[in-house]
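# Structural characterization, general
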Amino acid sequence: MDFELDDTQRAIQDTARAFARERVAPAAAENDRLRRFPADLIRGLGELGLLAVNVPAAYGGSEAGAVAYALAIMEIAAADCATAVTMAVTNMVGELVARFGTEEQKRRHLPRLAAAEVLAGAFALSEPQAGSDAAAMRTRAVRRGDRWVIDGAKQWITSGDVAGVLVVWARTGPADGGGGGVTAFLVEQGTPGLQVGRHEDKLGIRASSTVALSFDGCEVPDSARLGEVGQGLRVAFAALDGGRIGIASQATGTIRAALDASVRYARDRQAFGVPIAEHQAVAFMLADMAVEHDTARLLALRAAALKEAGRPFTREASMAKLWASEAAQRAVGRAVQIHGGVGYTEDFPVARYFRDARVQTIYEGTSEIQRLVIARELLKDGASRG
Amino acid sequence: MDIQLTEEQRQVRDLCREFADRELRPNARRWDRDHEFPAAAVKQLGEMGLMGVAVPAEWGGAGMDNVSYALAMEEISRGCAGTGVIMSVSNSLYCDPVLKYGTDAQRKEFLEPFARGEKLGCFALTEPMSGSDAAEMRTVAVRRGDEYVLDGTKNFITNGPQADVALVFAMTDKAKRHKGISAFLVPTDARGFSRGKPDEKVGIRASGSCSLFFEGCAIPARYRLGEEGDGFKIAMGTLDGGRIGIAGQALGIAVAAFEEAVAYAKERKAFGQPITQFQAIQFMLADMATEIDAARLLVLRAAAAKDRGVRHSAESAMAKLFASEMSERVTSKAIQIHGGYGYVKEFDVERHWRDSRITEIYEGTSEIQRLVISASVLKG
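Residues numbered from 1 in each chain as written. Chains lettered and ligands numbered in written order. Predicted model: local features only at pLDDT ≥ 70, side-chain atom pairs only at ≥ 80, totals over all residues. Heavy atoms only, no water.

### A closer look at the overall build of chain A
Rules: Think of it this way: any DSSP run of H or I at least four residues long counts as a helix, any run of E at least two long counts as a strand, and we number them from the N terminus. Radius of gyration means the value over C-alpha atoms here, while the globule rule gives 2.2 Å times the residue count to the 0.38 power. Exposure is judged per residue with a 1.4 Å probe applied to protein chains only, and the accessible area is read against the type maximum: over 50% gives exposed, under 20% gives buried, and values in between give partly exposed. Any pair of residues with heavy atoms lying within 4.5 Å of one another is described as a contacting pair. Accessibility throughout is a Shrake-Rupley quantity obtained with a 1.4 Å probe, and a residue counts as covered only by protein chains that appear here. In this tally, Asp and Glu contribute negative charge and Lys and Arg positive charge; neither His nor the terminal groups of the chain are included. Each charge is placed at NZ for Lys, CZ for Arg, CG for Asp and CD for Glu.
When you go through chain A residue by residue, the secondary structure sums to 10 helices and 10 strands. By the compact-globule yardstick of 21 Å for 386 residues, chain A fits well, its C-alpha radius of gyration being 21 Å. For chain A, the C-alpha atoms occupy an extent of roughly 80 × 50 × 40 Å along the three principal directions. Relative to its full complement of 386 residues, chain A shows a buried share of 62%. A fraction of 73% describes how many contacts in chain A between residues 6 or more apart in sequence connect residues 24 or more apart. Summed over all atoms, the accessible surface of chain A reaches about 14600 Å², with 50% contributed by carbon and sulfur. For chain A, the centre of its 45 positive side-chain charges and the centre of its 47 negative side-chain charges are spaced 3 Å apart.

Printed below as a string of structure tokens:
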């Protein structure tokens, strides 16, 4: 048992941290206020190899592993969650293509995603009436010779407008109750019949783009199919387990940002003649934030380490996502409290952290879905033993 | 980063789990009810090397690492939390400081038989008016020629009723406050030593605790551990390790309650189906399992830091704080899942709940842990 990072992991962490401090953090408040997609930052992440951290080097990826990826997300998220979620979705799409794609698909898409030649990848699974219950999907794809015609609507699609390539799930057969009948496709931006709809006006992560998509007779060749016909949900669930590590890492970064800001403020701000950090009421909030940060980080890194070792990690990823995202709510709440009135203004970053954190218990599986997954896994195994 | 256990660590865990299932779990309810010290089980723990897990073999210990110790603490406490604290005091609070600060002569006399489990030690820091604030202690030790003479009272001393030797902290120079504290190894057959009657406790009732009285208690000067004035440093360094043990104990208590809650929920039917079919129950179990895993990671991280020989005060404090508060939440939920049966003594979850409560108090209250952690955060 060894909790120390190896050299590659440390190097990725340092790289991400430096970029986060020098480039991402200074731009975050303005990008948030203007709802401005940070294209320059995304290109910068591409140059550093942070858009395809866990993708083979042969296809332009960094091939640094799932732990390094989690560490990189933590660092970027500590500066700006919106940039981090854009980065996370691109990494997720890259990993999916690397895992399920044909050689041709890998050669076509991975180097461009890794280098930010296309600004992002997108993951088009959710629909207006099918969120956590992916089996209720209505978008369908009909085969015509060696082509597929996709019709339907998707919603809540991160980077759906800026993505050069989107993974799109569509029903290709009847639902069999076991999650069958759905197939995944790689659809390139600009394909006729693919329309970008409304941009969501979000509470937080406002510098990330979230859009609705419509597919109206959108045709793709059979060579754009990702994985086998009818195996789409298997593809989706494999991605979501990894995606949960990404959100757990993002939430961990949020907690650290909230803690760091609170420590700085509590040292400076005086009340009753001393810095408020000297009042136990404040100091103990900082202690609790630190403990919750470390638990979130350890759970996220454990899930990542299991993934990297090729072992099952479904339960662990759900635990990390559930715990980290809920701990983040508590941490940002405490951070605002420690800041008092100024914490409620956009003059200090904690207000943004407070808004950004809120989505973390919702997207990539709500807390309720995580608890269902955990309960299902533990009732199957019988006990929680490490 | 490698979160897998080594083969040796896995073996220790499995051995302890098996021992706990066989020897501790079936008896824990009776020991609790009768306030009975589990002498036979403690003897077996000694034979297994568990009273001095991280003590090198040449000094009578098992020569294993602190990760193994933390795993052992979890498993033994899962079987019986009272037995767990007896073991923790022997390992963390007694053997560890004697190994670290003792001379070879002291190790021979005061470590070997203790690490082997033939004798039992205790750690006497707390006093009636001085708990977390150790610098306020009133017990004094005065040098007279080749002897020290101790006067004072120690309180709530776990293993006190059975101990052969007490590691006692006393003021040798009151003016220097905490820097005037020294540590002494006091055999309990020394003249001027006596014990109070065992405390009647809410939980961990298989372990005994009592007051220790020193009235002109004379011991040879060579029984001083470390230099004069080293006492506070020895006590605080020891407690860093002790907190790993108690965190492991709190974790084991929670795991026991969780396992029993899962087993009960699978059996118990309501509204025509097992209660595991209701999200209200599933979600409680999911939260319990998640918190248990989070606590275990903190405990193992602190133990691994100790094994690497780096400072681990904040890590130990985090593990202790989180695991103990987690344990109270998890054991309480286990009672909730059991309903009325959770409130009666035919089931063990009420005991787990009582046992968990002390882990937030001893070896540094939750408040002391938060002080340690916030100081570290504000310094960092």
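Here the narrative resumes.
### A short note on the confidence of the model for chain B
Going by this rule: What pLDDT expresses is the predictor's confidence in each residue, scored from 0 to 100.
Summary statistics for chain B give a mean pLDDT of 96 and a share of 100% for residues scoring 70 or more. Reported confidences for the modelled complex are a pTM of 0.93 and an ipTM of 0.90.

### A short note on the pairing of strand β1 (residues 120–124) of chain A
Regular strands place side chains that alternate from one sheet face to the opposite one. Residue and element names in this part refer to chain A. We apply this condition: Should DSSP find at least two bridges between two strands, the strands are regarded as paired.
Of all five residues making up β1, five are buried, and the element is well covered by its neighbours. Judged by which residues are buried, β1 turns out to be covered on both faces: Ala120, Ala122 and Ala124 on one side and Gly121 and Phe123 on the other are all buried. Two elements, β1 and strand β4 (residues 163–171), share five bridges in a ladder whose sense is parallel. When the sheet's bridge partners are listed, Phe123 is paired in β4 with Val167.

### Section: the domain arrangement of chain A
All names here are of chain A. In plain terms, the rule: These domain boundaries are the output of an automatic or database domain assignment. Defined here as a combined quantity, buried area equals the accessible surface (1.4 Å probe) lost by two parts on assembly, summed across both. Throughout this description, the term salt bridge denotes a Lys or Arg side-chain nitrogen within 4 Å of a carboxyl oxygen of Asp or Glu. Between N or O atoms, a polar contact is any pair within 3.5 Å; within protein, one atom must be a potential hydrogen donor and the other a potential acceptor, and residues adjacent in sequence are included only when both atoms are from side chains.
Here chain A is partitioned into domain 1 (7–119), domain 2 (122–230) and domain 3 (234–381). With centres defined by C-alpha atoms, the gap from domain 1 to domain 3 works out at 20 Å. Taken over both partners, the interface formed by domain 1 and domain 3 buries close to 2200 Å², and the fraction arising from carbon and sulfur atoms is 61%. The largest contributions to the domain 1 side of the interface with domain 3 come from Met74, Cys81 and Met92, which together make up 25% of the buried area. Linking domain 1 to domain 3 there are four salt bridges. Arg256 serves as the salt-bridge partner of Glu75, at 3.2 Å between the closest nitrogen and oxygen. At the junction of domain 1 with domain 3, the criterion picks out seven residue pairs in polar contact (both at pLDDT 80 or more).

### Quick notes on the interface of chain B and chain A
With 50 residues of chain B at the contact, the number on the chain A side is 45 residues. For the pairing of chain B and chain A, the buried interface totals around 4300 Å² over both sides, and the portion due to carbon and sulfur atoms is 68%. Of all residues in chain B, B:Met1, B:Leu297 and B:Leu378 give up the largest surface area on contact with chain A, accounting jointly for 18% of the area buried on that side. Run the count over chain B and chain A and you get six salt bridges. Across the pair A:Arg302 and B:Asp293 runs a salt bridge whose closest N-O atoms are separated by 2.8 Å.

### What about the environment of B:Ala170?
Residues and elements named next belong to chain B. Turning to its location among the elements, Ala170 is positioned in strand β4 (residues 165–171). Since its relative accessible area comes to 0%, Ala170 is described here as buried. What Ala170 contacts, discounting residues up to four positions off in sequence, is Met137, Thr139, Val140, Ala141, Gly180, Ile181, Ser182 and Phe184.

### Structural notes on a nonpolar patch on the surface
Residue and element names in this part refer to chain B. Definition in use: Patch membership needs two things, relative accessible area over 30% and no salt bridge, and members are linked within 9 Å if like-charged or within 5 Å if nonpolar (Val, Leu, Ile, Met, Phe, Trp, Tyr).
A cluster of nonpolar side chains, namely Tyr341, Tyr343 and Val344, defines an oily patch on the protein surface of about 360 Å² accessible area. Within the fold, Val344 resides in the loop between α9 (313–338) and α10 (349–358). We classify Val344 as partly exposed; its relative accessible area is 30%.

### Side note on the pairing of strand β7 (residues 210–221) of chain A
All names here are of chain A. Here strand β3 (residues 147–158) runs beside β7; their pairing, made up of nine bridges, is antiparallel. Paired with Arg147 across the strands is Pro221, a residue of β7. In the sheet, strand β6 (residues 194–199) pairs with β7 via four bridges, with the strands oriented antiparallel. Opposite Val196, over in β7, you have Leu213 as the bridge partner.

### Description of the pattern of salt bridges
Think of it this way: side chains of opposite charge can pair up when their charged atoms draw near. Tallying each qualifying case throughout the model produces 67 salt bridges over all chains. Of the charged contacts in the structure, one is a salt bridge between A:Arg244 and A:Asp241, with a shortest N-O distance of 3.9 Å. One end of the pair, A:Arg244, and the other, A:Asp241, are both in helix α6 (residues 232–268), three residues apart, so they sit about a helical turn from each other. Here B:Arg301 and A:Asp294 are joined by a salt bridge, their closest N and O atoms 2.7 Å apart. Placement of the pair is B:Arg301 in helix α8 (residues 279–307) and A:Asp294 in helix α7 (residues 280–308), with the two residues belonging to separate chains. One exposure class covers both B:Arg301 and A:Asp294, and it is buried. Shared partners join several salt bridges into a network, and the residues in it are B:Arg17, B:Asp21, B:Arg25, B:Glu75, B:Arg78, B:Glu259 and B:Glu260.

### Side note on the side chain of B:Ser211
All names here are of chain B. Structurally, Ser211 is set in strand β7 (residues 209–220). In this structure Ser211 comes out as buried when scored by relative accessible area, which is 13%. Beyond its immediate stretch of four places on either side in the chain, Ser211 contacts Lys154, Asn155, Ser194, Arg195 and Gly196.

### Some remarks on the packing of aromatic side chains
The criterion, for reference: Stacked, edge-to-face and tilted labels apply to pairs of Phe, Tyr and Trp rings (six-membered ring for Trp) whose centres lie within 6.5 Å, assigned for plane angles under 30 degrees, over 60, and everything in between, in that order. The criterion is that NZ of a Lys, or CZ of an Arg, lies within 6 Å of the ring centre and within 35 degrees of the ring normal, and then a charge sits over that ring.
One pass over the full model with this rule turns up 13 aromatic pairs over all chains. Plain terms: the ring middles of B:Tyr264 and B:Phe347 are 5.8 Å apart, the flat faces sit at 90 degrees to each other, and that makes the pair edge-to-face. Taken together, the residues B:Tyr264 in helix α7 (residues 231–267) and B:Phe347 in the loop between α9 and α10 connect sequence positions 83 residues apart. Assessed through its relative accessible area of 28%, B:Phe347 is described here as partly exposed. Grouped by ring-pair contacts, the aromatic residues B:Tyr264, B:Tyr341 and B:Phe347 constitute a single cluster. When the ring centre of A:Trp323 is taken as reference, the NZ or CZ atom of A:Arg330 above it lies at 5.2 Å.

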